[in-house]
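Working through the structure, step by step
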Amino acid sequence: MGVSGTVKVEGRPLEDAELIERARTGEVMAYEELVRRYQDVAVRTAHIVSPDGDAEDAVQDAFVKAYAALSRFRIEAPFRPWLLRIVANEARNRRRSAGRRTGLALRIAEDRRPDDAAPSPESAVLAGEARATLLAAVNALRDDDREIIGARYFLELSETEAAEALGIPRGTVKSRLSRALGRLREQLAASDGEPIRG
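These notes cover the structure that comes with them.

Conventions used here
- Residues numbered from 1 in each chain as written.
- Predicted model: local features only at pLDDT ≥ 70, side-chain atom pairs only at ≥ 80, totals over all residues.
- Heavy atoms only, no water.
- Salt bridge = Lys/Arg side-chain N within 4 Å of Asp/Glu carboxyl O.
- Helix = DSSP H or I, 4+ residues; strand = E, 2+ residues; numbered from the N terminus.
- Buried < 20%, exposed > 50% of the residue type's maximum accessible area, 1.4 Å probe, protein only.
- 1 Å grid on protein atoms, 1.4 Å probe; cavity = no way out; pocket = protein on both sides within 12 Å on 5 of 7 lines; lining within 4 Å.
- Points joined across faces, edges and corners; volume = space filled by probe spheres on them.
- Nonpolar A, V, L, I, M, F, W, Y, C, P; charged D, E, K, R; others polar.
- Axes fitted to C-alpha atoms, helices over the stretch in contact; angles between N-to-C directions.
- Parallel < 35°, antiparallel > 145°, perpendicular 65-115°, else oblique.
- Left-handed = near helix turned anticlockwise from the far one by under 90°.
- Contact = heavy atoms within 4.5 Å.
- Phe/Tyr/Trp six-rings, centres within 6.5 Å; stacked < 30°, edge-to-face > 60°.
- Core = buried A, V, L, I, M, F, W, Y, C linked by side-chain atoms within 4.5 Å.

Taken as a whole, this structure holds 17 salt bridges when the rule is applied. Of the charged contacts, one joins R146 and D143 as a salt bridge, the two residues approaching to 3.1 Å between their closest N and O atoms. Of this pair, R146 and D143 both sit in helix α7 (residues 143–154), separated by three residues, roughly a single helical turn. The class of D143 is partly exposed, set by a relative accessible area of 21%. It is possible to trace a salt-bridge network through shared partners that takes in D16, E33, R36 and R37.

Attention shifts here to empty space enclosed by the protein. Inspection of the entire model under this criterion finds one cavity of 30 Å³ or more. Roughly 50 Å³ of volume is contained in the largest cavity. Around the largest cavity sit T45, I48, V49, A88, E147, A151, L155, L157, A165 and L166, which together line it. Secondary-structure elements contributing two or more residues to the lining of the largest cavity are α2 (28–49), α7 and α8 (159–166). Per element, the largest residue contribution to the lining of the largest cavity is three residues, and it comes from α2. Partitioned by chemical class, the residues of the lining of the largest cavity number eight nonpolar, one polar and one charged.

Once that is clear, we can look at the layout of surface pockets. Any empty space left between atoms is shown by rolling a water-sized probe over those atoms. Considering only enclosed or pocket space, the second largest pocket measures out at about 150 Å³ in volume. If you go around the second largest pocket, the residues you meet are R72, F73, R74, A77, P78, P81, W82, T160, E161 and E164. Every element with two or more residues in the lining of the second largest pocket is listed here: α4 (79–98) and α8. Examining the composition of the lining of the second largest pocket, we find that three residues originate from one element, α8, more than from any other. Taken together, the residues that form the lining of the second largest pocket break down as five nonpolar, one polar and four charged.

Before going further, it helps to spend a moment on the packing of helix α1 (residues 16–24) against α2. The interhelical angle for the contact between α1 and α2, taken along N-to-C directions, is 140 degrees, at an axis separation of 7 Å. Compared by their axis directions, α1 and α2 come out oblique. When the axes of α1 and α2 are compared, the crossing they make is left-handed. When α1 is examined against α2, the residues D16, L19, I20, R22 and A23 are found in contact with a partner set consisting of A30, Y31, E33, L34, R37 and Y38. Considered class by class, the residues forming the contact of α1 with α2 number seven nonpolar, no polar and four charged.

Before going further, it helps to examine the packing of aromatic side chains. Each aromatic ring pair is specified by the distance between its two centres and by the angle formed by the two planes. Taken as a whole and assessed by the stated rule, the structure comprises five aromatic pairs. When the centroid spacing of 5.6 Å and the interplanar angle of 55 degrees are considered together, the rings of Y38 and F79 count as tilted. On the criterion of sequence distance, the pair formed by Y38 in helix α2 and F79 in helix α4 is long-range, its members being 41 residues apart. Note on accessibility: Y38 and F79 belong to one class, buried. Joined through ring pairs, the aromatic side chains of Y38, F73, F79 and W82 make up one cluster.

Before going further, it helps to spend a moment on the nonpolar core. A general feature of soluble globular proteins is that nonpolar side chains tend to end up buried together. With 53 residues, the main nonpolar core has F79, W82, I148, I149 and L184 as its most contacted residues. Sequence-distant contacts of F79, defined by excluding residues within four places in its chain, comprise D16, I20, L34, Y38, L70 and F73.

Below, the discussion takes up the environment of E15. As for its placement among the helices and strands, E15 is situated in the loop between β2 (12–13) and α1. Accessibility expressed as a relative area gives 52% for E15, which makes it exposed. Between the alpha carbons of E15 and L34 there is a distance of 9.6 Å; along the sequence they are 19 residues apart.

See below:
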């Protein structure tokens, strides 16, 4: 193990495929490294799919399910979208079983700042108000609209990764995103917010 806790061979971090192969043979440290790599994006995914749900519990259960399913994972496929699909399904199942749908966690948007520079107090207040308006509009959308917008813009997944994570055809991502952004613009206009450009 490396100094930072990352599993290494000859001074280089292991690739996902190498870690998966090792985890399949029962090497727990290899799977723990995969969990560390993808924990943050998994939690953000769960919060987007099931706002105010049990995101951390959904992620924990998804990692357990992913571990159990490693033997069925195609090693030539990318691991991240495969894992995020399991996370999204687990979060979706929890949302349905809880029978509730509430607001998108503000911390998801706050996790990402466009730059490291400290904003002025005035611009920080305006940015916070704009973020709150946007998140309120996103929260008012249907679940599938919120999921596609969250996957592409909050998680910054590619079309291919979003398709895999959400379990939809790749060609559907673009059309669903376009319709969702249209409904988001309508929602923002109805709340007197500034419409976004897509």
